Amino acid sequence: MSIRSRLHRWQSASREEKERDLDREIQSHLDLEAEESGARAARRAFGNITLVKEDVRATWGGNRLEQALRDVGYGLRQIRRHPGVSGIAMATLALGIGVNAAMYSAVDAVLLRPLPYADADRLVMVWDDARRTDSAKFFTTPPEWSQWRRLNTVFTDIAATQPGDAVLSGDGDPEELPARKVTANFWTVLGVQPLAGRVFTDEEDSGGVKVVVISYGLWQRRFAGSPQIVGRTISLNDQPFEVIGVMPRGFYFMPSRDIDVWMPTSFSSGMLRNWGWHDVQCVARLKPGVTLQQANEQMAALNLRVSGEHVKPARSAVVTALRGELAGKAQTSLIVLLCGSLAVLLIACVNLANLLLSRGAVRRREVAVRVALGASRGRLIQQFLTESLVLAALGAAAGLAVARPVMRFLETLVPETMAGVHLSLDWRVLAFSGGIAIISGLFFGVAPAVDGSRVALLNGLRDGGRGTAGARSYRFQHSLIVAETALAVVLLTSGGLLLQTFRHLQQLDLGIRREKLLTFVTPLFRYPDFEKRVAFVNAELDKVRALPGVVSVAAISRIPLTVTDQATFYKLEGQSNDDAREQVARTRVVTRGYFETVGARLREGRSFGVSDRRSDHPVAIVNESFANRHFPGRSPIGARFQFGRWGDSAYWYTIVGVVKEIRDGGVAADLRPTVYRVHEQADQTGDKPSGIVVRTSVDPKSIVPVVRSAIWSVDRNQPIARVQTIEDIVDRQLSGATQSTTLLGAFALLALLLASIGLYGVLSNAVVQRTNEIGVRMALGATRKQILLVFGTRGLLLTLVGLAMGIVVAAGAARLMSTLFYGRQPSYVPTIIMVSMILLAVAALACFVPARRASLIDPMLALQQE
Amino acid sequence: MARNPDKLDLLRGTLDLLILRTVGAGPAHGHQIAKYIQRSSDEVLQVEHGSLYPALHRLERKGWLSAKWESLDGKREFKYYRLTTAGRKQLAAEESKWKRLVNAIARVTAAAEG
């Protein structure tokens with residue numbers, strides 16, 4: 001038999017066989033020798049059998065895998081032998097890794113996961129440029145889309161979407177479904193296929209055919225996933241629509257993830273000439289090779305040229321990447337939170353490193369024995385690192401259990417655009433967790449491994465085995481403490497700043513009185529005729545007003561605090577077309593008594609009254625932003641302006657009142673110039689006062705049934721939707737800020753706790769290590785107080801250095817986080833002072849205990865101890 | 001571990017050479033090898049019997065020795081080691097290295113004396 005195959009056989013023989021073989025070989029040797037010189041002499045001549053076997057095993061150990069597995073076994077044994085320390089380590093890791101896994105799953109879901117479109121990075125949104133109004137981009141109009149489609153050179157195609165209304169009736173309660181109107185090429189621009197059926201064609205779109213594509217969610221929820229869904233006719237807005245397709249699960253598009261119905265835009269020829277109808281969002285696909293920059297330049301020039309022929313002033317256009325649009329403000333807060341959780345993990349690892357370094361002193365003897373047996377430094381380091389990795393792996397596994405509740409908590413954090421995101425432990429999150437577990441294990445394991453194996457070579461076997469770890473090791477531990485203190489300071493400061501912002505948001509003046517204000521929506525698609533609509537709205541308001549428990553009631557086109565759209569270009573009397581360029585204001589249609597009902601205050605002028613009937617010379621009320629923009633320091637009362645479409649037919653509106661700011665766009669949204677019209681005079685706009693606000697004297701929710709009855713007494717089939725109080729709306733809008741502030745605050749406190757534990761640990765360890773030295777000092781006359789001060793001040797010094805570094809880094813971090821402060825700069829210095837005080841107090845406590853222990857050492861015992 | 005200062009400690013490399021040389025003369029098991037080295041060197045080279053075995057296993061792993069349990073008298077079995085072809089080559093290489101070392105030392109000491 002050849003050598004190679006013989007070797008092969010030897011190597012593949014199992015471990016037990018090898019062991020038995022070796023035993024047999026050694027035994028036969030000893031027997032032979034015993035025959036010659038006796039059993040005892042034989043043993044002596046042989047030497048230490050155990051060591052020999054170890055060495056033989058070492059020659060077998062060329063197999064890397066076996067070695068590694070053996071190290072894992074050692075690691076597990078170590079853990080079992082020191083359950084206390086290992087328990088702390090694993091708990092710390094579980095917390096750190098678990099929270100990070102959860103944070104990453106959120107970041108992944110919102111920012112990293114591929115969007116459900118083909119080649120999503122080539123998709124962009126195209127807007128009108130409205131830079132004058134500080135929001136660089138604005139909804140565009142149907143004719144602009146149509147022209148862009150015809151004339152652009154940078155997109156393969158461009159589609160338009162508009163808000164849609166879809167009240168589903170028939171079996172069951174009428175349900176208002178989130179709906180969106182899209183042009184037929186929407187699907188091809190995005191590059192998506194329906195799950196079942198088909199999408200609508202250009203002919204159906206331009207022909208106004210009543211077809212819809214529905215979402216997977218709606219199909220399951222309302223139609224029980226019935227396979228006969230395609231071809232089924234459903235009643236939307238009291239009209240029959242055929243369901244021709246179902247989109248796959250997980251498909252979504254702006255503005256929110258929960259759109260259930262997609263309908264054709266079916267632009268009429270009138271709509272395609274309406275340059276004032278600004279509610280269109282356009283999505284386009286860049287041609288290969290075209291950059292965002294190029295698209296911007298081209299579209300700006302194109303729109304100026306094209307719109308200039310129809311409106312004055314001409315409008316420019318702006319192109320933005322789709323992904324950024326979808327993520328919104330959550331981008332920053334998620335990244336900040338992820339950094340925060342990583343920082344906490346880092347601090348935890350630093351603590352573990354210190355912990356293991358200290359424990360390394362205890363293990364020196366064991367290490368020395370290994371070295372004497374022939375273990376090389378590399379092997380030792382490998383073994384120590386494996387032990388750390390085992391610890392990290394176990395901690396990570398436990399951490400996944402921690403991750404789940406945190407993920408549920410985080411699901412409320414993502415913006416409304418992405419509502420309904422479900423965070424799960426998919427392979428990406430698991431891979432991330434595995435990755436940071438390994439990195440953590442290496443990070444906190446390498447210092448103890450290197451240190452532990454180095455010292456052993458020098459003097460491990462000396463009695464007592466303490467060795468002089470040396471100033472070098474101390475300095476390392478101390479710098480770790482400084483680093484983790486700095487990190488804790490950064491987290492505390494950031495948390496404090498965020499807390500300020502949050503408190504500010506909570507106490508913000510919304511411009512209305514929030515208590516006992518009920519809201520709901522009565523979609524008015526059943527009243528296309530203007531006069532009939534006005535009559536209906538007045539009738540329903542009269543009925544509700546008469547109810548007991550109702551203080552006042554009014555209607556408005558958009559419930560306050562909820563939406564930012566419904567805005568349009570306008571021009572003041574006396575403004576040139578160039579002045580009015582890129583100038584938009586929000587518009588709302590209200591009924592008389594609206595401002596009184598919501599509790600808004602007038603700065604000057606009057607509210608709408610009975611005298612404001614349908615007329616060619618309508619009036620308007622503006623808000624302070626509008627007044628300050630055009631009439632700073634003056635009164636705008638009596639000034640006139642025109643809306644949207646210019647030309648002879650546009651009414652001139654006269655300003656009769658100025659109202660104090662109402663936060664129409666939401667608690668955190670910016671304040672924008674806004675114009676209010678009374679609905680009797682709103683015939684030159686498509687905005688309808690479908691939102692109802694009711695000020696009650698009793699609990700708002702309690703009168704909902706009677707309100708419904710009151711409205712149905714006017715019109716039996718009127719749908720009523722989205723019943724909620726203003727306080728509900730505010731809570732929901734603040735929930736994101738609530739969660740992120742809470743989380744960051746929790747991270748900060750955790751970091752502080754961990755950093756102080758670390759400080760305590762290192763100082764305690766120093767005291768133990770230097771017990772001898774302390775004894776000597778005391779014997780030479782040092783008082784207890786002096787010893788206390790020596791250790792105490794060392795600890796505080798470390799803290800101070802960490803604090804200083806932390807403050808510097810925190811300043812930078814605050815600048816990166818600035819979008820989270822909602823425009824208001826929080827006061828930095830008081831936060832720093834507060835954080836410093838808290839930190840020093842906690843640090844003092846952490847130092848005091850070991851320092852006191854040092855001072856209480858009995859010098860006699862200390863000197864005896866070796 | 002009492003050590004007789006007159007007996008020389010063997011370095012690992014030299015032990016390899018001795019083992020290869022011994023086995024080169026004919027198959028042998030561990031005990032025989034130990035005895036052979038001791039006797040051939042007139043008891044100058046004291047090999048701690050135990051330290052032979054790691055060396056033997058190492059040489060086997062390297063492919064220079066092959067091992068097999070055999071019984072010559074039909075009663076007791078011993079693990080006999082043989083030189084492989086590669087082992088023979090290694091032995092030749094080690095021997096020539098050793099000879100060069102010995103000659104070099106001889107030259108230096110001769111020069112020092114002379």
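Here the structure is shown first, and the text comes after it.
Cut-offs applied
- Residues numbered from 1 in each chain as written.
- Chains lettered and ligands numbered in written order.
- Predicted model: local features only at pLDDT ≥ 70, side-chain atom pairs only at ≥ 80, totals over all residues.
- Heavy atoms only, no water.
- Helix = DSSP H or I, 4+ residues; strand = E, 2+ residues; numbered from the N terminus.
- Contact = heavy atoms within 4.5 Å.
- Areas by Shrake-Rupley, 256 points an atom, 1.4 Å probe, with all protein chains shown as cover.
- Core = buried A, V, L, I, M, F, W, Y, C linked by side-chain atoms within 4.5 Å.
- Buried < 20%, exposed > 50% of the residue type's maximum accessible area, 1.4 Å probe, protein only.
- Pairing = 2+ DSSP bridges.
- Axes fitted to C-alpha atoms, helices over the stretch in contact; angles between N-to-C directions.
- Buried area = accessible area lost by both parts, 1.4 Å probe.
- Salt bridge = Lys/Arg side-chain N within 4 Å of Asp/Glu carboxyl O.
- 1 Å grid on protein atoms, 1.4 Å probe; cavity = no way out; pocket = protein on both sides within 12 Å on 5 of 7 lines; lining within 4 Å.
- Points joined across faces, edges and corners; volume = space filled by probe spheres on them.
- Nonpolar A, V, L, I, M, F, W, Y, C, P; charged D, E, K, R; others polar.

Asks: Any chance you could break down the overall build of chain B for me, citing the residues and the numbers?
Replies: Within chain B, the secondary structure is distributed over four helices and three strands. Along chain B, helices and strands appear, N-terminal first, in the series α-β-α-α-β-β-α. Long-range contacts, defined as pairs at least 24 residues apart, comprise 49% of the intrachain contacts of chain B with a sequence gap of at least 6. A total of about 6,800 Å² of accessible surface is found on chain B, and carbon and sulfur atoms cover 55% of it.

Asks: Explain the nonpolar core to me, using residue names and the numbers behind them.
Replies: Residues and elements named next belong to chain A. In terms of nonpolar packing, the biggest core is built from 64 residues, with Ile-97, Met-103, Leu-410, Phe-444, Leu-491, Leu-744 and Phe-747 touching the most fellow members. Counting only elements with at least two residues in this core, the list comes to helix H6 (83-112), helix H13 (330-362), helix H15 (377-410), helix H16 (427-459), helix H17 (470-506), helix H22 (726-769), helix H24 (784-816) and helix H25 (828-855). Looking at which element gives the most residues to this core, the answer is H13, with 14 residues. Setting aside its immediate chain neighbours within four residues, Phe-444 contacts Leu-93, Cys-349, Leu-352, Ala-353, Leu-356, Ser-388 and Leu-391. Ranked by size, the runner-up nonpolar core spans 34 residues in total, among them Val-182, Trp-187, Phe-253 and Met-254.

Asks: Lay out the sheet that holds strand S2 (residues 65-70) of chain B in plain terms, naming residues and giving numbers.
Replies: Spatial ordering of the open sheet is given by S1-S3-S2 (chain B), a layout of three strands whose pairing is antiparallel. Single-partner strands in this sheet number two, and they are strand S1 (28-29) and S2 of chain B. Where S2(B) lies against strand S3 (residues 78-83) of chain B, six bridges are found, and the strand directions are antiparallel. The residue bridging B:Ser66 from the neighbouring strand is B:Arg82, located in S3(B). Each of S1, S2 and S3 of chain B touches helix H2 (residues 15-37) of chain A; the most contacted strand, S3(B), lies at about 100° to it.

Asks: Could you give an account of the interface of chain B and chain A, naming the residues involved and the relevant values?
Replies: Residue-level contacts link 26 residues of chain B with 25 residues of chain A. For the pair chain B and chain A, the summed buried surface comes to about 2,400 Å²; carbon and sulfur atoms form 57% of the total. Broken down residue by residue, the surface that chain B buries against chain A is led by B:Tyr53, B:Arg61 and B:Trp69, which jointly contribute 29%. Scanning the region where chain B abuts chain A turns up six salt bridges. The residue B:Arg76 makes a salt bridge to A:Glu35 at a minimum N-O spacing of 2.8 Å.

Asks: Which residues make up the pattern of salt bridges, and what are the values?
Replies: Residues and elements named next belong to chain A. With the rule as written, the count across this model stands at 33 salt bridges over all chains. Between Arg-221 and Asp-260 there is a salt bridge whose closest N-O contact spans 3.2 Å. Pair noted here: Arg-221 is in helix H10 (residues 216-223) and Asp-260 is in the loop between strand S8 (239-246) and strand S9 (261-264), with a separation of 39 residues, a long-range link. On the accessibility criterion, Asp-260 (7% relative accessible area) is buried.

Asks: Before we move on, could you go through the side chain of A:Asp71 and cite the residues and values that matter?
Replies: All names here are of chain A. As for its position among the elements, Asp-71 is in helix H5 (residues 64-81). The class for Asp-71 is buried, based on a relative accessible area of 0%. Setting aside anything within four residues of it in sequence, one finds Asp-71 in contact with Arg-379, Gln-382, Gln-383 and Thr-386.

Asks: Run through empty space enclosed by the protein, naming residues and quoting values.
Replies: Over the atoms rolls a probe the size of a water molecule, and its path tells where empty space is left. All names here are of chain A. In the structure shown here, the tally under the stated rule is eight cavities of 30 Å³ or more. Around the largest cavity, the lining comprises 19 residues; the ones closest to its centre are Leu-356, Arg-359, Arg-363, Phe-384 and Glu-387. Considered class by class, the residues forming the lining of the largest cavity number eight nonpolar, eight polar and three charged.

Asks: Now, about the pairing of strand S12 (residues 517-521) of chain A: what can you tell me, with residues and values included?
Replies: All names here are of chain A. Burial runs high along S12: five of the five residues are buried. A two-sided burial pattern is seen for S12, the buried positions comprising Leu-517, Thr-519 and Val-521 on one face and Leu-518 and Phe-520 on the other. Two strands pair when backbone bridges link them, and S12 and strand S21 (residues 691-696) are joined in this way by five bridges, in the antiparallel orientation. Pairing of Thr-519 across the sheet is with Val-693, part of S21. One ladder, built from three bridges, connects S12 with strand S22 (residues 721-725); its direction is antiparallel. The residue of S22 that forms the bridge with Val-521 is Ala-721.

Asks: Pulling in residues and values, what's your account of the pairing of S8(A)?
Replies: In the case of a regular strand, side chains alternate between the two sheet surfaces. Residues and elements named next belong to chain A. Note that strand S5 (residues 196-197) and S8 share two bridges and pair antiparallel. Pairing of Ala-196 across the sheet is with Val-246, part of S8. Taken together, the four bridges between strand S6 (residues 211-214) and S8 define a ladder with parallel strand orientation. Residue Val-211 lies in a different strand from S8, and its bridge partner there is Glu-242. The pairing of strand S7 (residues 233-236) with S8 spans four bridges and is classified as antiparallel. Its bridge partner being in S8, Thr-233 is matched across the sheet by Glu-242. Here S7 folds back onto S8, and the loop between the two strands holds two residues, one of which, Asn-237, carries a positive phi near 50°.

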